[in-house]
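# Architecture at a glance
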Amino acid sequence: MRFHTRKWVKPEDLNANGTLFAGKVLAWLDEQAVIYGIIQLENKRVVTKYMSEVNFMSTAVQGDIIEIGIEVVNFGKSSLTLNCEIRNKMNHETIVTVDNVILVNLDEYGKPKPHGKTKVEYVKDRLDKQEV
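These remarks concern the structure in this document. (Residues numbered from 1 in each chain as written. Predicted model: local features only at pLDDT ≥ 70, side-chain atom pairs only at ≥ 80, totals over all residues. Heavy atoms only, no water.)

Backbone phi values are negative for most residues with the exception of glycine, while trans is the configuration of most peptide bonds. Of note, Glu42 is a non-glycine position whose phi angle comes to about 55°, a positive value. In this structure, Glu42 sits in the loop between α1 (22–41) and β2 (46–51). For Glu42, a relative accessible area of 49% translates into the label partly exposed. Positioned with a positive phi, His92 is a non-glycine residue whose angle comes to about 60°. Relative to the assigned elements, His92 resides in the loop between β5 (79–88) and β6 (94–105). (Helix = DSSP H or I, 4+ residues; strand = E, 2+ residues; numbered from the N terminus. Buried < 20%, exposed > 50% of the residue type's maximum accessible area, 1.4 Å probe, protein only.)

What follows is the structure, given as structure tokens:
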């Protein structure tokens, strides 16, 4: 799994218990999953269709740095299925896991659109192909 994004836990990210608010964690995870999908599918119109069971395993406190990991599980016809994990950067303790986040590639009318992708591509490799 590749960890793409880091977040700094600030006071506004905490719940009444003084630990990282679950809703904030899920918002960060959803945003990063969609950004990942947009980059992979090369389309700004990518939405979250489904998120499987969310397993909260630990928490974070103010000042912690967390990181969000994403890996591709499957490329569907118009979908992309991801596995996600959020962990504490300093001790690598897992905070949250989500086994399946399904994203859907949409056309300009908001309907599912085949993306034609079958494997993970990196922007660097796309840019290298354009230079040749």
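Once you've had a look at it, read on.
Let us look at the environment of Thr94. Along the polypeptide, Thr94 turns up in strand β6. Separated by 64 residues in sequence, Thr94 and Asp30 have C-alpha atoms that sit 17 Å apart. Apart from the residues lying within four places of it in its own chain, the contact partners of Thr94 are Met57, Ser58, Glu85, Ile86 and Arg87. (Contact = heavy atoms within 4.5 Å.)

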